Amino acid sequence: MLKSFNELRKIDVTPYIKQRDGADYLPWATVVDLLHEHGAEKVFFSPVYNENGSSLFMSEQTFTDKNGATNRCYEVRVMVTIDGRQYQFAYPVMNGINAVRDNLMNQNAVHKAQMRAFVKCVAINTGLGFDLWRDDSDIERASDDL
């Protein structure tokens, strides 16, 4: 049986963090291994498809940047299943910290966003790797104001 949220949150995932293009990330395969190591029997995820059969969701609204290029907001959605429990999660298609623009959209960007969605969904719902997204700087500033 998978350990509790609080137990999984205490696992130090920092030794597993990799870096690509100057950004830290936790590989999806490592997350699967760690879940199994800590009690999960069955772990998998799959893309959620829109009404057109695509795994890419996009806004109807277009945006024009200062150079006249037109773009949309893109996201992917995944369904994560851990021992029969299902969690759905949406995630933007990003290139580092920047949104992927229309002229750079490709299947690789979509695939990477799905992997990131899986890892973040696991963190939010199980606690594994959760503290990677915590930003305690706001807490520290708030206590200074007291």
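Data block above holds the structure.
Not measured: the values here are computed from a predicted model.

A tally of helices and strands in the protein chain yields four helices and 10 strands. Beginning at the N terminus, the succession of helices and strands in the protein chain can be written as α-β-β-α-β-β-β-β-β-β-β-β-α-α. Projected onto its principal axes, the C-alpha positions of the protein chain cover 50 × 45 × 25 Å. Counting across all 146 residues of the protein chain, residues that qualify as buried make up 34%. Total accessible area on the protein chain stands at roughly 9,600 Å², and carbon and sulfur atoms take up 48% of it. Computed over 16 positive and 20 negative side-chain charges, the inter-centroid distance for the protein chain is 4 Å.

Let's shift gears to the nonpolar core. Val31, Leu35, Ile82, Val93, Phe118, Val122 and Leu128 are the most contacted members of the largest nonpolar core, which has 32 residues in total. Of all the secondary-structure elements, those providing two or more residues to this core are α2 (28-37), β7 (74-82), β8 (85-92) and α3 (107-126). Looking at this core, the element that brings in the most residues is α3, giving eight residues. When residues no more than four places from it in sequence are discounted, the contact partners of isoleucine 82 are Leu2, Leu35, Ala40, Lys42, Val43, Tyr87, Val122 and Thr126.

Attention now moves to the packing of aromatic side chains. What the rule picks out here adds up to three aromatic pairs. Relative to phenylalanine 45, the ring of tryptophan 28 has its centre 6.2 Å away and its plane inclined at 70°; by these criteria the two rings are edge-to-face. Remark: phenylalanine 45 occurs in strand β3 (residues 43-47) and tryptophan 28 occurs in helix α2; sequence separation between them is 17 residues. Tryptophan 28 gets classed as partly exposed once you look at its relative accessible area, which sits at 40%. The interplanar angle of 15° and the centroid separation of 4.3 Å between the aromatic rings of phenylalanine 45 and phenylalanine 118 together place this pair among those described as stacked.

Even without being a glycine, aspartate 83 presents a positive backbone phi close to 50°. For aspartate 83, the location among the structural elements is in the loop between β7 and β8.

Let us look at the pattern of salt bridges. If you walk through the whole model with that rule in mind, you get three salt bridges. With its nearest N and O atoms 2.7 Å apart, the salt bridge here joins arginine 101 to aspartate 65. Of this pair, arginine 101 sits in the loop between β10 (98-99) and α3 while aspartate 65 sits in the loop between β5 (63-64) and β6 (70-71), and the two are 36 residues apart along the sequence. Here arginine 77 ties to glutamate 75 by a salt bridge, and the two come within 2.8 Å at their closest N and O atoms. For arginine 77, a relative accessible area of 27% corresponds to the partly exposed category.

This paragraph deals with α2. For α2, every residue scored as buried is listed here: Thr30, Val31, Val32, Leu34 and Leu35. On its buried face, α2 sits against β3, β7 and α3.

Now for the packing of α2 against α3. Interhelical geometry of α2 versus α3 gives an angle of 35° and a closest axis separation of 9 Å. Crossing angle aside, the handedness with which α2 passes α3 is left-handed. Across from Trp28, Val31, Val32 and Leu35 in α2, the residues of α3 making contact are Met115, Phe118, Val119, Val122 and Thr126. Among the residues forming the contact of α2 with α3, the class breakdown is eight nonpolar, one polar and no charged.

Calculation notes
Residues numbered from 1 in each chain as written. Predicted model: local features only at pLDDT ≥ 70, side-chain atom pairs only at ≥ 80, totals over all residues. Heavy atoms only, no water. Helix = DSSP H or I, 4+ residues; strand = E, 2+ residues; numbered from the N terminus. Buried < 20%, exposed > 50% of the residue type's maximum accessible area, 1.4 Å probe, protein only. Areas by Shrake-Rupley, 256 points an atom, 1.4 Å probe, with all protein chains shown as cover. Lys, Arg positive; Asp, Glu negative; His and termini not counted. Charge placed at Lys NZ, Arg CZ, Asp CG, Glu CD. Core = buried A, V, L, I, M, F, W, Y, C linked by side-chain atoms within 4.5 Å. Contact = heavy atoms within 4.5 Å. Phe/Tyr/Trp six-rings, centres within 6.5 Å; stacked < 30°, edge-to-face > 60°. Salt bridge = Lys/Arg side-chain N within 4 Å of Asp/Glu carboxyl O. Axes fitted to C-alpha atoms, helices over the stretch in contact; angles between N-to-C directions. Left-handed = near helix turned anticlockwise from the far one by under 90°. Nonpolar A, V, L, I, M, F, W, Y, C, P; charged D, E, K, R; others polar.

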